[in-house]
Every structure is written in C-alpha cells, then in structure tokens.
Amino acid sequence: FTYGDVMRYFLLTAFLFSMMMGCKPEQEFLTPAQIAAEKKEVKTVVVQFTKALNEKNYSALLGNLASEISFFGTDSAEIINTFPQFKKAMDDQWSSFEKVKYGEMQDVLILMDDKATFASIKFGMPVDLLKEGKLSHLYIRVERTLIKENKRWVIRAGIVGIVNSDSSPQIEDALTSEPVDE
C-alpha cells in the first residue's frame, strides 16, 4: 500500500463513520400529551405499590420495584439498600401492627425529564395504624423516585416522613416572637 492508498482508506472510513453517526436518530423529546400519559403511568405504579402495602402482598410490592432499591424510613436507622433489608422492613411493619391502612394520595406532584426516563413523585397520604387495639391516625409525606427498566416504570428509591401536626403552632410562634439579643 502506498501512502495515498492509506490516506484514501482512512478518509473513506472517517467519512463513512461520520455519516453513520450523523444518520443515527436522536431520542426525541416527548410531547406534553406523551409526558402526561407517562405521569399517569408513574402514578399508577405508586397506587399499585400502595395497594400491595395495604394487602400485605410482598410479591406485588416486588413487581413494582427496580432491580436496585434505596429507601429511607421514618427514623434515622431505617435505611434500606437491599431486597433482604426491604423484606425484613415489610415483615417488621406487618407484624408490629394489627392493621395498616394507607389512604388516597393527596397534593401529588410528579416531576419528569423530557424523555421520560426518570421521574419523582411527591405526595401526602393519611395512614391509620392499629396496634394493641389502639387506632392512630397519621399523615405522611412520601417521595418515590422511578426509573424505566425494560420500558416499564419501577420504583428505584423513596423516603417517608411523618407529619407532626403539633409543629405548626411552634413554627408560627417562632416566626412571630421577638428577636433574641445575643
């Protein structure tokens, strides 16, 4: 091969490579209607997950989870990063209470990227807990992060916090009190 042959071969290869890359279809952004449909699917997954919690149906819970998970519970010690930890947390919850009833989602906010590959859903929810014959009514705030796996929305991570209804007057008092001189 001569120097000219090598250069022609190199230029032809570079040209063909650039043509193939230039012809590669880019993933398009979704329309507002498509995003709305994806958000509906995200909400459906979370509703199914909540239904499985109410029914104590571990298999149905797993069907809505990603291949990797991370959950943060209502206290600092409750950090779940594996399926055995998740199973233990569910077993502990289900054995600690005679009944746990999650209500309807309220104040739902769903954030999603333009290509519908990543979503975050935030909402409030009433929860009734029955333990030793005593019924407690709580309100929780929940965040779930969902991703697409095999073209299907699944829950990848989440966090739950119990809303303290007594905190509002304390916050209001703190905001309206006189400043403290130091």
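Just so you know, these numbers come straight off a predicted model, no measurement behind them.

A. Examining the side chain of Gln-93 more closely. With respect to the element layout, Gln-93 can be found in helix α4 (residues 83-96). With residues up to four places along the chain from it excluded, the contact list for Gln-93 reads Val-100 and Tyr-102.

B. Structural context of the environment of Ile-69. As for its position among the elements, Ile-69 is in strand β1 (residues 65-72). Residue class for Ile-69 comes out buried when judged on its relative accessible area of 3%. With residues near it in sequence (within four places) discarded, Ile-69 still touches Ile-80, Asn-81, Thr-82, Phe-83, Phe-86, Ile-155 and Arg-156.

C. Focus on unusual backbone geometry. In this structure, Asp-107 is a non-glycine residue whose phi angle is positive, near 50 degrees. With respect to the element layout, Asp-107 can be found in strand β4 (residues 106-112). Even without a glycine there, the phi angle at Glu-132 is positive, about 50 degrees. When you line up the elements, Glu-132 lands in the loop between β5 (118-131) and β6 (134-149). Classification of Glu-132 by relative accessible area gives exposed; the value is 66%.

D. The pairing of strand β3 (residues 99-102), seen in detail. Of the two faces of β3, only the one carrying Val-100 and Tyr-102 is buried; Lys-99 and Lys-101 on the other face are not. Of the pairings in the sheet, the one linking β3 to β5 comprises 4 bridges and is antiparallel in character. Residue Val-100 lies in a different strand from β5, and its bridge partner there is Leu-129.

E. Structural view of the packing of aromatic side chains. Considering all chains together, one arrives at 4 aromatic pairs under this definition. Between the aromatic rings of Phe-49 and Phe-86, the centroid separation amounts to 6.5 Å while the plane-to-plane angle is 35 degrees, which identifies the pairing as tilted. Note that Phe-49 is positioned in helix α2 (residues 32-55) and Phe-86 in helix α4, a separation of 37 residues in sequence. In this structure Phe-49 comes out as buried when scored by relative accessible area, which is 3%. On the accessibility criterion, Phe-86 (3% relative accessible area) is buried. When the ring of Tyr-58 is compared with that of Phe-86, the centres are 6.0 Å apart and the planes differ by 35 degrees; the resulting orientation is tilted. Of the two residues, Tyr-58 sits in helix α3 (residues 58-62) while Phe-86 sits in helix α4, which places them 28 residues apart along the sequence. This pair shows no difference in class: Tyr-58 is buried, exactly as Phe-86 is. Feature note: the residues Phe-49, Tyr-58, Phe-71 and Phe-86 constitute an aromatic cluster, connected by ring pairs.

What counts and how
- Residues numbered from 1 in each chain as written.
- Predicted model: local features only at pLDDT ≥ 70, side-chain atom pairs only at ≥ 80, totals over all residues.
- Heavy atoms only, no water.
- Helix = DSSP H or I, 4+ residues; strand = E, 2+ residues; numbered from the N terminus.
- Contact = heavy atoms within 4.5 Å.
- Buried < 20%, exposed > 50% of the residue type's maximum accessible area, 1.4 Å probe, protein only.
- Pairing = 2+ DSSP bridges.
- Phe/Tyr/Trp six-rings, centres within 6.5 Å; stacked < 30°, edge-to-face > 60°.

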